[in-house]
Amino acid sequence: MKTKPTVLYDVPGPRARRRNLLWTLLFLLALAAVVWWVVASLAAKNQLEWAKWAPFFTDARIWETYILPALKNTVIAAALAMVIALPLGALLGISRLSDHRLVRGAAGTGVEFFRAIPVLILMLFANAAYSEFTDVSPDIRPMYAVVTGLVLYNASVLAEVVRAGILALPAGQTDAAKAIGMRKGQTMTYVLLPQSVTAMLPALVSQLVVIVKDTALGGAMLGFSELLASVRPMSANYGANTIACFTVVAVIFVVLNFALTTFASWLEGRLRRGKRSTGAVVGADAVEELATPGEHAGPTDAAK
């Protein structure tokens, strides 16, 4: 059976296949050499000794005292930032599409300003502001500063994601909504946003992963007791096992972000399947209710 030709891809010939195989083998050999060099260097510095890794498997105190409390702070800060940044970003993104110049200009200025400032600087300014103008306890001030910085920066980035997702929809969607009498707010709520959410989901999830990772900036500069900040006290109390501590913390971050992306992939697939299987038809009563909320057409009126 002949292979169907395609204009997008030329099937490689014998020489091309041999060349690809050769490059693949060279890459694998180079990768193996790098891995061997890293392992040999760690072994030469006694970083692979079982005594440095054993506490994570045999001593529950290292988890109860350092890792789990730090993980709890990381999850709380990231969750608060997500819960606040998502609706705020959506609001700013929609405001940038407003017909009112004042609303559009104010939202655009805020988005461009906070998006241009590094998130670490926002955290430092927030920490100084809480210290100067509020009575927030110094014990929880780093948490407030980290969440504030993450919200300001990521909400501005999410605003652009939302705006781009809405603008990517065909113009006919808006025209059809106007044709049945929907106002702009109703068009945005019932037509544009539901369709753009699926397209925006990968970009939204990638930004949520950034939020989880950026919590580590608070530990580095503000003394926030998050996951990465737990490496120093663990290493000091368990035999200078810095490499082991960093490895365990890195694995925990990978697991957190993998769980987040897996849930997002499942949600995206569910949304797409739901759209394909939906066969609902909007009746005349529903259309008139959307066009003129508060005035419900009766059965006889609809029949007319």
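Residues numbered from 1 in each chain as written. Predicted model: local features only at pLDDT ≥ 70, side-chain atom pairs only at ≥ 80, totals over all residues. Heavy atoms only, no water.

**As for helix α5 (residues 101–116)**
The end-to-end C-alpha separation of α5 is 22 Å, in line with the 22 Å expected for 16 residues at 1.5 Å each. Along α5, the residues that are buried comprise Ala107, Gly108 and Val111. The arc that holds every buried residue of α5, seen down its axis, measures 100°, which confines them to one face. In α5, the exposed residues that point more than 90 degrees away from the buried face are Arg101, Leu102, Ala106, Thr109 and Ala116. (Helix = DSSP H or I, 4+ residues; strand = E, 2+ residues; numbered from the N terminus. Expected span 1.5 Å × (residues − 1). Buried < 20%, exposed > 50% of the residue type's maximum accessible area, 1.4 Å probe, protein only. Arc of directions from axis to C-beta.)

**Some thoughts on helix α9 (residues 184–221)**
An α-helix turns once every 3.6 residues. As a result, residues three or four positions apart point the same way. Spanning 38 residues, α9 covers only 45 Å between terminal C-alpha atoms, well under the ideal 56 Å at 1.5 Å per step. Of all the bends in α9, the greatest, near 55°, is centred on methionine 200, and the proline proline 202 appears no more than four residues after it. Glycine 223 lies just past α9 and shows a positive phi near 75°. (Bend = angle between axes of the 7 residues up to and from the residue.)

**Some thoughts on the confidence of the model for the protein chain**
Per-residue confidence for the protein chain gives a mean pLDDT of 84, with 87% of residues at or over 70. Confidence, read as mean pLDDT per element, is least for helix α13 (residues 299–303) in the protein chain (44) and greatest for helix α6 (residues 119–133) (94). Low confidence marks residues 278–282, where pLDDT is under 50. Its contacts with residues over four positions away, or in another chain, come to one contact. Within the model, pLDDT remains below 50 along residues 295–304, and this stretch shows five contacts once partners closer than five positions in the same chain are excluded. (pLDDT = per-residue confidence, 0-100. Contact = heavy atoms within 4.5 Å.)

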